[in-house]
Amino acid sequence: MKSLGPLLRLAQAAVPLHLARAAVPLRPAVVGVLHARFKYTQHQGVKGIKNRKSFFEAQMQAGQQGDEDEAEEERTNGIQADMRFLDDRAYDEVAGGAMRISRDIASAQHVLILQPYVKWSAKRKDMPSDVRPEDQLAEASALIHSLPNWQVATALKVPLESLERKTLFGSGKMLELKALIADLRQEKHLTCLFVSKGTLSFAQKRFLEAEFRLPVMDRYSVVIQILRLHATTAEARLQVAMAELPYIWSQAKDASVTQTRRQGYALTDLQKEILRTRERKLRAELDRVRRQRQLLRQKRKQQNYPIVAVVGYTNAGKTSLIKALTVEDALQPRNQLFATLDVTAHGGQLPCNLQVIYMDTVGFMSDLPTGLFECFVATLEDAMLADVIVHVQDLSHPCHVAQRTHVESTLRSLAFNVSGGDPATSQLPPIINVYNKCDLVSQSASDVDAEAAAHHISARAQTGLEPLLADIEEQILAATGRRKLQMRVPSGGPEMAWLYKNAAVVDTVADEAYPNRLMMHVVISQRTLDQFKRQFL
């Protein structure tokens, strides 16, 4: 069986090496850590599932150096690109004015969180009925805690009749909030107000800032601040930069139709040109990334490696599951929202010894415009075009049902966009539902959704992984047209070496009827089987 090492190193070449260097100067120690993240560690099995590796596979290593040299040449001969346009002070002023974000994340912030919610469930159009305001408030607090040196001064739920009114809050509630802010300013150095709503209109934001005399942020702008923090690679920085622009344009459009335009809040012609130029450059670079990823997918297709995309709500445990399935020590899962921004490839092995690639993806979150995640389509295409999707869900979260519904609807929307709006080609791959963190809930709670989910696991405790691996294997074999066969070949002959190279060998046993032959149990596609027949039969 071919080694996955060269192909996984090609995953790092989706953005040319010189482009990544231009984006973020990295110390040698950091480069070593990043390289270790992509390094392929062969699967050693889970609870008794052994990884058999014959000397025939060892003989193949000499032939892999050519592929590695080819990958290095692709990285060094990439199109020259200048990433310095991302660090633009004039743009930062525009973005800071629209989103109240800053590149100085290290400065301490004391944040007052207001979680508005519609009092009558019949009027809640965008939020599932089983999502409580308390759950929304907890998620808003988690967003703030994801930023270093950001602290929650106070977190409140605020009932409203509508989220669309210009003032957002009624006059009585405004007086209460002003009194609260005055008290907090005496006790703590309050620096920011976070209204946990997907997006605030320009008019709402300006009104609240004028009344409370504090910078006001919504969920979109807070998430962008988190994404900026976690965007360390050139590819991630490009996508986060693109995700900022729809929000800024939306705020500018809203400002242009309000009376505040006369107060100088609308964008100037120069600022609009700055945004257009930045958007044009970003689209050009992201198109380049997309083409390079298409080439990488073609390479995988030629090598015939099955792809398993691992998706889910943010902080559901996707990276932890991949680490448990691949036993890749370099993977370091973090208990943070949006800890993973890049789609990274990790080699693993199924119980039948078939090698697969697990794709780790960016997590989703509700109450955010789908357009924010569509800016990551250059990398999320890898998930949409996988052979099988593993949907990881946090069973311990009180809103896990609503989270599952949100992820599924977002996947359908992204698949529709990736297909160019063609319903015939927008079908999702087979989806395996996985309920993670079952060790954090009682057995009775775990059994509530037993019919809805195929697997209850704990990636941290490594329980329930064997049935999951068996299910992934079954789905992969069906999706890729592979099947299990028993073949009689000469012991030590070229047929045996060929099968080790081009198929997945489950095991070999001596043939009692013919001492000079072996019975090989293999997993093989029809195309590969036809090649074997043409060469040896």
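Keep in mind that what you see is a predicted model, and the values were worked out from it rather than measured.

Engineer: I keep staring at the packing of aromatic side chains and nothing clicks. Help me out?
Structural biologist: Think of a pair of aromatic rings as described by two things: how far the centres are apart, and how the planes are tilted against each other in angle. Applying the stated rule across the entire model yields 4 aromatic pairs. Between the aromatic rings of W498 and F536, the centroid separation amounts to 6.2 Å while the plane-to-plane angle is 75°, which identifies the pairing as edge-to-face. A residue pair is termed long-range when its members are at least 10 positions apart, and W498 in helix α19 (residues 494-502) and F536 in helix α20 (residues 526-536) qualify at 38 residues. Using a relative accessible area of 12% as the deciding quantity, one classes W498 as buried. Since its relative accessible area comes to 23%, F536 is described here as partly exposed. Through a chain of ring-to-ring contacts, three or more aromatic side chains come together here, namely W498, F532 and F536. For R278, the ring lying beneath its charged end belongs to Y91, and the centroid distance is 3.6 Å.

Engineer: Would you mind going over the UniProt feature "coiled-coil region" (unreviewed entry) in the protein chain with me for this structure?
Structural biologist: Residues annotated by UniProt as "coiled-coil region" (unreviewed entry) correspond here to residues 267-299. The span residues 267-299 shows a helical share of 94% and a strand share of 0%, and its end C-alpha atoms are spaced 45 Å apart.

Engineer: Please clarify how α20 should be interpreted in this entry.
Structural biologist: Given 3.6 residues to a turn, an α-helix orients residues that are three or four positions apart in the same direction. Those residues of α20 that fall on the buried side of the exposure criterion are T528, L529 and F532. The buried residues of α20 all sit within an arc of 100° when viewed along its axis, so they share a single face. Facing away from the buried side of α20, by more than 90 degrees, are the exposed residues R527 and R534. Its buried side turned inward, α20 meets β11 (482-490), α19 and β13 (517-525).

Definitions and limits used
Residues numbered from 1 in each chain as written. Predicted model: local features only at pLDDT ≥ 70, side-chain atom pairs only at ≥ 80, totals over all residues. Heavy atoms only, no water. Phe/Tyr/Trp six-rings, centres within 6.5 Å; stacked < 30°, edge-to-face > 60°. Helix = DSSP H or I, 4+ residues; strand = E, 2+ residues; numbered from the N terminus. Buried < 20%, exposed > 50% of the residue type's maximum accessible area, 1.4 Å probe, protein only. Lys NZ or Arg CZ within 6 Å of the ring centre and 35° of its normal. UniProt positions renumbered as here; feature names shortened; annotations may be inferred. Arc of directions from axis to C-beta. Contact = heavy atoms within 4.5 Å.

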